[in-house]
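Below are the chains, spelled out letter by letter.
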Protein chains: 2
Amino acid sequence: MVKYVYTFNEGNKDMKDLLGGKGANLAEMTNLGLPVPPGFTISTEACNTYLQEGAVPETLTTEVTKALRSVEDKLGRKLGDAEDPLLVSVRSGAKFSMPGMMETVLNIGLNDESVKGLATVSEDERFAWDSYRRLIQMFGKTVMDIEGDGFADALEALKEEKGVHYDHELSADDLKGLVATFKSIVKEETGREFPQDPREQMDLGIEAVFRSWNTERAKIYRRRERIPESLGTAVNVQTMVFGNMGDTSGTGVCFTRDPSTGHSGVYGDYLMNAQGEDVVAGIRNTEPLKALERENAEVYKQLVGIMRKLETHYLDLCDIEFTIERGKLWMLQTRIGKRTAGAAFRVATQLVEEKLITKDEMLQRVTGEQLTQLMFPQFDTNAKRVKLGAGMAASPGAAVGGIAFNNEQARAAIEAGEKCILVRRETNPDDLPGMVDSEGVLTARGGKTSHAAVVARGMGKTCVCGAEALIIDEEAGTLTVDGRVLKQGDIIAIDGASGEIFEGDIPVTESPVTIFLTKGLEAGLEACNGDQEMIELVQAVDQIMNYADSRRRLKVRTNADTPEDAARAMEFGAQGIGLCRTEHMFLGERRPLVEKVILSEVGSSEREEAIAELGKLQRSDFLSMLEVLDGKPMTVRLIDPPLHEFLPDLTSLEVKVAVAKATGEPDPSDLKMLEAVRRMHESNPMLGLRGVRLGLYMRGLFTMQIRALISAACELKAAGKDPQPEVMVPLVGSVRELQIIRDDAEAIIAEEKEKAGVDLDVPIGCMVELPRAAMTAEDLAREADFFSFGTNDLTQTTWGFSRDDCEGVFFPNYIEEGIFGVSPFETLDVHGVGRVVNEGVQRGRSTKPGMKMGVCGEHGGDPESIHFFDEINVDYVSCSPFRVPVARLEAGRATTEPQDATK
Amino acid sequence: MVKYVYTFNEGNKDMKDLLGGKGANLAEMTNLGLPVPPGFTISTEACNTYLQEGAVPETLTTEVTKALRSVEDKLGRKLGDAEDPLLVSVRSGAKFSMPGMMETVLNIGLNDESVKGLATVSEDERFAWDSYRRLIQMFGKTVMDIEGDGFADALEALKEEKGVHYDHELSADDLKGLVATFKSIVKEETGREFPQDPREQMDLGIEAVFRSWNTERAKIYRRRERIPESLGTAVNVQTMVFGNMGDTSGTGVCFTRDPSTGHSGVYGDYLMNAQGEDVVAGIRNTEPLKALERENAEVYKQLVGIMRKLETHYLDLCDIEFTIERGKLWMLQTRIGKRTAGAAFRVATQLVEEKLITKDEMLQRVTGEQLTQLMFPQFDTNAKRVKLGAGMAASPGAAVGGIAFNNEQARAAIEAGEKCILVRRETNPDDLPGMVDSEGVLTARGGKTSHAAVVARGMGKTCVCGAEALIIDEEAGTLTVDGRVLKQGDIIAIDGASGEIFEGDIPVTESPVTIFLTKGLEAGLEACNGDQEMIELVQAVDQIMNYADSRRRLKVRTNADTPEDAARAMEFGAQGIGLCRTEHMFLGERRPLVEKVILSEVGSSEREEAIAELGKLQRSDFLSMLEVLDGKPMTVRLIDPPLHEFLPDLTSLEVKVAVAKATGEPDPSDLKMLEAVRRMHESNPMLGLRGVRLGLYMRGLFTMQIRALISAACELKAAGKDPQPEVMVPLVGSVRELQIIRDDAEAIIAEEKEKAGVDLDVPIGCMVELPRAAMTAEDLAREADFFSFGTNDLTQTTWGFSRDDCEGVFFPNYIEEGIFGVSPFETLDVHGVGRVVNEGVQRGRSTKPGMKMGVCGEHGGDPESIHFFDEINVDYVSCSPFRVPVARLEAGRATTEPQDATK
């Protein structure tokens, strides 16, 4: 039989799946002997069963009875007893915090009789009746689904009648009257009496919490925060304690250390004679925790002791809620405290310094995503800021530009040489061009998985979404917020890390963390300009990165096509180039030469000359790249895209020629070009003549590139340098393709070495980016010295969808529907594509044990994916220069926690 | 140590890999005690070693010595002995016959001394010197690489000088002189004397045969015939026997039964006092074998006995070469005789009737490809035919049309409503449009793997290629053959089964075999018009198909989208529809309705109405299909292609609008359409918004289709019929996609059943056509009642190439380079895509043992692929109606030979 109910001394902090976060930690504190008001937790399983079957499982009812009795016995009081009533709260508590999303009912156990008992026992009639009216109000709304403002209106009317301003100015008799009014509202709205049976109150409260898992707002929140629907919520039933029982009572929140610096100490606030909601409502100003020492030295000392105990127990910054009821301290909640990215690094190193955690644990306290946030350029903190509002931080960065309300305005801005921010109520696939043209995207609707957020992250654009206070009127061309009206072109600034929106231009400065990562500690500290918090942060990042580097097994390379990118990546700590895309060297002023290669006849001297000319240019490209890389490996991928990508677009050219024909004479060179473009047109270029297929079709292209690379390397080697070129063949599907190219390459390498009189070891490998390559990798390994998994293409072919055509179109919908957790182009789809990668690794190494394996898709810079690559024993990941530090950190973290650590 | 040499009594017929076809059968005959001139075979391994190392392996030389001595001892004569010389032939003999492609040297052992001994022993001086000059001539050309016509010229000059017409009119002295001349030619051309050492002659001869494996023509032949390069040739060294030693000698060829009817009997031809080459050269007319009985009753009786013995041993039609030397019969070769497709069926059933083979063996004697050849429409045999020439039979069928020399002419023919045949020297990717527009393709160059052949087979077009006698002058617009000149538009006819080319129109008639397969035995026999051969053929096909059906485990369904196709397929024996493509129902006059669905706004009443209207039409489609299928399952695939396929082409529309703008006012409806087409344009539609993604994006489309199907089925069920619809979801990559659609479908099915008051079981399954689907099939199986492997798309995604963009472009080159044996769209790539399919089967059944699995890609009709599907325990294949009989036959064959039987 399934056990649904756990008293607080039956659970522990590791049972979050079953008891939710709140319940697990209440249990943990109970077991630690801390003063926790007794209670029990109903498991998430009970919730799921209820939601599936639409009824409370029978055994749950009996288990609740037993748990309730054990609480009653412990306290010697009974729920809703007429003389000395036990009151309880019924609260939701899911595995992941969902603040304000689900229901809570307090003061359960009060009825027309027990309210009098409470008055007697508390010696406070006013308090007793106020508690009762609060119960009816909360219960009415939450459990009995009474909509509208009937209760609040009645309360207001009463205050008006009595000529008072605050609730606490109402007398006990006033409140007695209000209870009567509230009860008649209940009767009127629901046709039923407010239930007087305490147990019925409790049972209905529990069901209401279960149901609140499935409210629309809760669902939306979960989608935004990527919390699985299947978790369900636990329900905590706990004895009520009151911080509002006079001046010896109170309530507060505290942290075991400074959440932004990590420094140990006493941080928090409290308020005497108040309940939790009063602190939140901000009616009265809270006192700093230190002041409690004067108020009640005994309780203060006890609390500080508990804080220390909790921190030593949890070994992390704890966030604590407490209540003092008539001088007695009660612990209501604790959890690992949330913190900013910067605080995470500082807290982690602080805890190491205090010898509370090991360095391995330190790595677990920070994430690559946090490091990314610290690396983004930031708005100059000294600059004047006019904050307009805030939305959700959906894609990091700091973007400044003029408002553009649609694609056309964004295009116009680009064409005028101005930066813009695309501002829309929400985005859909039609807005893609505008997103491409803008610096960042700001929307009024939608969460972290909305179209705008998903697509912006994919593009690496700054995005703030769901800024609900914005009123966007595209037709009128206005953005109104808080009464302020902005127009197209007005400059705004958005902070993708904080979600803030500012008016006007704000200078953007490079982050001292980034300066440290590229230029070293001294430069990084200097860039802090004496800001002590920032200095501590840079030192913390230094310490953590050093340790991550010392721990990691995965090497980190970079994807770079220019000497500048390569140099930048080396500064960021890259250990070589994992992917140098040679086709990027075919652009710009070289385009006419490339056109000549494509358009001239096979074997013609024209083509041969053009190829030879290109070869010279590529040789000088490789020369400068290899010089930057000196002593580090550089994997050069032979040309990959279809050749027609270097020719004009078919549709534009057809239009140009047709219009010219309709109005006069078309340019003969256009006609000739059109013929070629038509001939080479492909319906699905991604699945066309590219990669090794192109190399075999136009053999001279690959051999030109190989010769340029090897000849450049030989020159450097002869000059005493240490070039380490590696030749990589793209889009291989069959070992025979690779074999033919390998034979060509080996001949060229031998010739060039002979010519230069040097010795040079040049590994020849291939991309594994087609399912067939992975599924026949034991064959490929016979001809390949290394594999590099191209996880972008592999994701495309394994799923059969292209990033360009799909990510902006239906991915947001897929994420909403729970088909993806996140775009498989952002984080590797471990379950599907990951299996294919693993097949490639296993099969390859079955032929060549210890064969070198790398990853050069964009997943090489994604934290979760890096952990997977570490797990399947890939040797290195290669990512964009800016992601290199993230990859180093995550590679280090992966070794300290072999199981998937990021979830 | 490797054994390289096998005397004839060491081998047997199953050693073809090692001894080649000829050597293995010589050994078999020797072991049967037949009179085979003694000799030995040098293995293919020896050849491969020689070709790799460039030198004869040392142990080969010593093994040859031993084998030669054993032959010499057996005959009591010595190689090249001056008194009574043993002479030998050195012949190539690969695993697969490559007629005329490799070298042969006869009469080895003759030199200036032994020629005299031969003259004495044979009592025929002329014969001895003629044999010697033949040796020098053959050896000079083959072994000593003397090019040009020196020998033939000298022979001609001598005949002229002597005033004679035929070789045999030259006297012994004339030939003596000719030998001297030939020897001086050798000396002149090579600087070396013709070798007098018999063993040296033999050794050099063996090496020459090895080398001949790699001549250009042999390589080209192998590529054409898809014979692997790696096989190598064996070398047979055999005692010479002479059919030209006077009137009691002779040579001939015979068959153990009629190669076209299969009837048992004595079939063959012979020629007295002649050598094999004389028979081939056709200088004298051969005699029918029967005549030999009068010539030499003893030998005739012996030969007939041997024929019977061989057939009983090989249990098949044998093709035999024999020589009679001075009244003694010698067997020189035997092999399983080649036959036409029709003969194969007739021979197979004849052998069963004679109780020589079992019915299982009968199935192994015929192939699906042969059946296809019999099914194609044929040129009316009674019609007048003017044969122009012949090429290779590259893709079957009978095509008639006017000559078109290029794309433009083919297009012009189409536009004039005329049929055409594309005639080109050879084709390349630029010729694709012309190939599409024509009835068939005829080329002068290239073999069965040339561009024309590969692409035509892919398109199902008739093709004759490599008709070398054609002279094609595109510029002049002429096709010249044998002096006859044809022009553009002149009607020609090509027979893709025989390779023949005819002038003028020839009526095409349906094959009686096809009539039998669709209309039954009686109709088939009637269609034979009394042609006895044809009647026997139809009866043979009947017998074999019946047996195949009784044996096969695989069910055969069809891919059909119209009631006509469905009915046709049922006639061909299909057991249901495996793939009904619903999008084909969206074309034609329904297009405006489809446009309305696409272009109207989501949720608008306009769209709802258009969808409802489409639903009505689809319902009537399904109604008529299900009526045809009554009692058989019909798998309906929900709409698969991207919606923009139903809209006008982007480029054409851009051109239209731009031209209209440049010259006046564009049509507003064009502008509106252009906007939509632009918005929906995809760079890679194959990887875009299609299949289940589209179904989830525009939910109403799928539900409309499901409702139309189920509602139609319910109507029939209520009327007492037995509709068996199955819902199939395309392009599923993740179980969640399927789950959502399944939930929708189940709700609709329940509703419609309820409405009609009938019970109906509707399986819901999915296509497995993405690698991810196969690799996560254990998840999909939770929500799928069946899988259908879409091997076309699976081939595309596993290899990452599209059929449209690649098959006509680089596949021929890939086949030449040995990357493919055959296009993976024709025959399943078992090693790569097959592994993925197998993953899908295994993983799916790991969740649901016995889960129904089908194949609905075009591979479902390909013989080799069918054997693989049988092996991995797929339940059914589905193919185009015309391939249904082929699939039935091959499915039967697969069960009788579990290992890959078609190679």
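This structure is a prediction, so every number in the text was calculated from the model and none was measured. (Residues numbered from 1 in each chain as written. Chains lettered and ligands numbered in written order. Predicted model: local features only at pLDDT ≥ 70, side-chain atom pairs only at ≥ 80, totals over all residues. Heavy atoms only, no water.)

Asks: Quick one: what's the story with the interface of chain A and chain B, residue by residue and with numbers?
Replies: Many structure descriptions define interface size as the accessible area lost when the parts assemble. Listed as interface residues are 59 residues of chain A and, on the opposing side, 59 residues of chain B. Interface area, chain A with chain B, both sides summed: about 5000 Å², of which 58% is carbon and sulfur. Sorting the residues of chain A by area buried against chain B places Leu-687, Arg-772 and Asp-805 of chain A first, and these three jointly supply 14% of that buried surface. For Glu-778 of chain A, the salt bridge is made with Arg-835 of chain B, and the minimal N-O distance between the two is 2.6 Å. (Contact = heavy atoms within 4.5 Å. Buried area = accessible area lost by both parts, 1.4 Å probe. Salt bridge = Lys/Arg side-chain N within 4 Å of Asp/Glu carboxyl O.)

Asks: Tell me about a negative patch on the surface, residues and numbers included.
Replies: Negative charge collects at one region of the surface, where Asp-145, Glu-147, Glu-188 and Glu-189 of chain A lie side by side. Within the secondary structure layout, Asp-145 of chain A lies in the loop between helix H5 (125-142) and helix H6 (150-162). (Patch = residues over 30% accessible without salt bridge, like charges linked within 9 Å, V, L, I, M, F, W, Y side chains within 5 Å. Areas by Shrake-Rupley, 256 points an atom, 1.4 Å probe, with all protein chains shown as cover. Lys, Arg positive; Asp, Glu negative; His and termini not counted. Charge placed at Lys NZ, Arg CZ, Asp CG, Glu CD. Helix = DSSP H or I, 4+ residues; strand = E, 2+ residues; numbered from the N terminus.)

Asks: Now, about the relation of the copies chain A and chain B: what can you tell me, with residues and values included?
Replies: Overlaying chain A with chain B gives an RMSD of 0.2 Å, the required rotation being 180 degrees about an axis along which the chain moves by 0.2 Å. Look at the turn and shift together and you get a two-fold axis relating the two. Taken together, the interface assignments show that 100% of the residues at the interface of chain A recur at the interface of chain B, consistent with an identical surface on both copies. (Least-squares fit on C-alpha atoms with pLDDT ≥ 70 in both.)

Asks: Quick one: what's the story with the environment of Ala-119 of chain A, residue by residue and with numbers?
Replies: Residues and elements named next belong to chain A. Within the element layout of this structure, Ala-119 appears in helix H4 (residues 114-122). For Ala-119, a relative accessible area of 12% gives the class buried. For the pair formed by Ala-119 and Glu-83, sequence separation is 36 residues and the distance between their alpha carbons is 9.5 Å. If near-sequence neighbours (up to four positions away) are discounted, Ala-119 is found in contact with Asp-124, Glu-125 and Ala-128. (Buried < 20%, exposed > 50% of the residue type's maximum accessible area, 1.4 Å probe, protein only.)

Asks: Mind laying out unusual backbone geometry, listing which residues take part and the relevant values?
Replies: The residue Asn-107 of chain A is not glycine, and still its phi comes out positive at about 65 degrees. Looking at where Asn-107 of chain A falls in the secondary structure, it is placed in strand E6 (residues 104-108). You can call Asn-107 of chain A buried: its relative accessible area is 2%. Even without being a glycine, Asp-482 of chain B presents a positive backbone phi close to 55 degrees. Mapping Asp-482 of chain B onto the fold places it in the loop between strand E21 (478-481) and strand E22 (484-487). Its relative accessible area of 77% is what places Asp-482 of chain B among the exposed residues.

Asks: Quick one: what's the story with the pattern of salt bridges, residue by residue and with numbers?
Replies: Inspection of the entire model under this criterion finds 136 salt bridges over all chains. For the salt bridge of Glu-726 of chain B with Lys-852 of chain B, the shortest nitrogen-to-oxygen distance reads 2.6 Å. Remark: Lys-852 of chain B occurs in strand E32 (residues 852-855) and Glu-726 of chain B occurs in strand E29 (residues 724-729); sequence separation between them is 126 residues. Its relative accessible area of 25% is what places Lys-852 of chain B among the partly exposed residues. Within the structure, one salt-bridge network assembled from shared partners comprises Asp-130, Arg-133, Arg-134, Glu-156, Lys-159 and Asp-167 of chain A.

Asks: Hey, could you go over the side chain of Asp-793 of chain A for me, with residue numbers and the actual values?
Replies: Residues and elements named next belong to chain A. Mapped onto the fold, Asp-793 is located in helix H32 (residues 791-799). Given a relative accessible area of 14%, Asp-793 falls into the buried group. Each residue touching Asp-793, except ones within four places of it in the same chain, is listed here: Arg-690, Leu-731 and Glu-769.

Asks: Please provide a residue-by-residue account of the environment of Leu-32 of chain A, values included.
Replies: Residues and elements named next belong to chain A. Here Leu-32 shows up in the loop between helix H1 (16-31) and strand E2 (39-42). For Leu-32, a relative accessible area of 19% corresponds to the buried category. Not counting chain neighbours up to four residues away, the residues in contact with Leu-32 comprise Lys-309, Leu-310 and His-313.

Asks: With reference to specific residues and values, describe the nonpolar core.
Replies: If you look at the biggest cluster of nonpolar residues, it comprises 283 residues, and the most contacted ones within it are Phe-345 and Phe-787 of chain A together with Phe-345, Val-541 and Phe-787 of chain B. Once residues within four sequence positions are removed from consideration, Val-541 of chain B is found in contact with Phe-345, Leu-371, Leu-374, Val-513, Phe-516 and Leu-517 of chain B. (Core = buried A, V, L, I, M, F, W, Y, C linked by side-chain atoms within 4.5 Å.)

Asks: Pulling in residues and values, what's your account of the pairing of E6 of chain A?
Replies: Residues and elements named next belong to chain A. With respect to burial, E6 is a largely interior element, four of its five residues being buried. The sheet contact formed by strand E5 (residues 88-94) and E6 spans three bridges and is antiparallel. Across the sheet, residue Val-88 finds its bridge partner in E6, namely Ile-108. (Pairing = 2+ DSSP bridges.)

Asks: Before we move on, can you summarise the packing of H5 of chain A against helix H7 (residues 172-190) of chain A with the specific residues and values?
Replies: For any two helices packed against each other, one specifies the crossing angle of their axes together with the interaxial distance. All names here are of chain A. For the pair H5 and H7, the least separation of the axes is 9 Å and the interaxial angle reads 15 degrees. Judged by the inter-axis angle, H5 sits roughly parallel to H7. Where H5 crosses over H7, the two elements pack in a sense that is left-handed. Along the contact surface, H5 presents Glu-125, Arg-126, Trp-129, Asp-130, Tyr-132, Arg-133, Ile-136 and Gln-137, while H7 presents Ala-172, Leu-175, Lys-176, Leu-178, Val-179, Phe-182, Lys-183 and Val-186. Each residue belonging to the contact of H5 with H7 can be placed in one class, and the counts come to nine nonpolar, one polar and six charged. (Axes fitted to C-alpha atoms, helices over the stretch in contact; angles between N-to-C directions. Parallel < 35°, antiparallel > 145°, perpendicular 65-115°, else oblique. Left-handed = near helix turned anticlockwise from the far one by under 90°. Nonpolar A, V, L, I, M, F, W, Y, C, P; charged D, E, K, R; others polar.)

Asks: Any details on the sheet that holds strand E12 (residues 328-336) of chain A? Residues and values, ideally.
Replies: Overall, antiparallel pairing links the five strands, which are arranged E10-E9-E8-E11-E12 (chain A) in an open sheet. Bordering the open sheet on either side are strand E10 (287-288) and E12 of chain A, each of which pairs with just one other strand.

Asks: I'd like a description of the side chain of Glu-311 of chain A, backed by residues and values.
Replies: Residues and elements named next belong to chain A. Looking at the element boundaries, Glu-311 is found in helix H12 (residues 297-314). Residue class for Glu-311 comes out buried when judged on its relative accessible area of 7%. With residues near it in sequence (within four places) discarded, Glu-311 still touches Thr-256, Arg-257, Asp-316, Leu-317, Cys-318, Leu-351 and Leu-356.

Asks: Account for helix H23 (residues 591-599) of chain B, naming residues and giving values.
Replies: Residues and elements named next belong to chain B. Within H23 the residues assigned to the buried category are Leu-593, Val-594, Val-597 and Ile-598. Down the axis, H23 shows its buried residues gathered within 140 degrees of arc, on one side only. Contacts from the buried residues of H23 go to helix H24 (605-629), helix H26 (668-680) and helix H28 (699-718). (Arc of directions from axis to C-beta.)

Asks: Outline the confidence of the model for chain A, supporting the account with residue identities and numerical values.
Replies: Model confidence for chain A is summarised by a mean pLDDT of 92, while 98% of its residues fall at 70 or above. Taken together, the stretch residues 898-903 of chain A has pLDDT below 50 and engages in eleven contacts with residues farther than four places along the chain or on a different chain. (pLDDT = per-residue confidence, 0-100.)

Asks: Just give me the short version of the packing of aromatic side chains, but keep the residues and values in it.
Replies: A full pass over the atoms with the stated rule returns 46 aromatic pairs over all chains. With a centroid separation of 6.0 Å and 10 degrees between ring planes, the pair formed by Phe-811 of chain A and Phe-825 of chain A is classed as stacked. Placement of Phe-811 of chain A in helix H34 (residues 811-816) and of Phe-825 of chain A in the loop between H34 and helix H35 (830-847) is noted, with a sequence separation of 14 residues between them. Like Phe-811 of chain A, the residue Phe-825 of chain A is buried in the burial classification. Here the aromatic rings of Trp-129 of chain B and Tyr-132 of chain B are separated by 5.9 Å at their centres, their planes lie at 55 degrees, and the arrangement is tilted. You can see Trp-129 of chain B and its partner Tyr-132 of chain B sitting in helix H5 (residues 125-142), three residues apart, about one turn around the helix. A residue is classified by how much of its surface remains accessible, and Trp-129 of chain B, at 10% relative accessible area, is buried. (Phe/Tyr/Trp six-rings, centres within 6.5 Å; stacked < 30°, edge-to-face > 60°.)

Asks: Can you explain helix H13 (residues 341-353) of chain B? Please cite residues and give values.
Replies: Residue and element names in this part refer to chain B. Counted at 1.5 Å a residue, the expected span for H13 with its 13 residues is 18 Å, and the 19 Å between its end C-alpha atoms agrees. Taking burial as the measure, the 13 residues of H13 include twelve buried ones, the bulk of the element. Residues of H13 that are buried: Ala-341, Gly-342, Ala-343, Ala-344, Phe-345, Arg-346, Val-347, Ala-348, Thr-349, Gln-350, Leu-351 and Val-352. Of the residues flanking the end of H13, it is Lys-355, one or two places downstream, whose phi is positive at about 60 degrees. (Expected span 1.5 Å × (residues − 1).)

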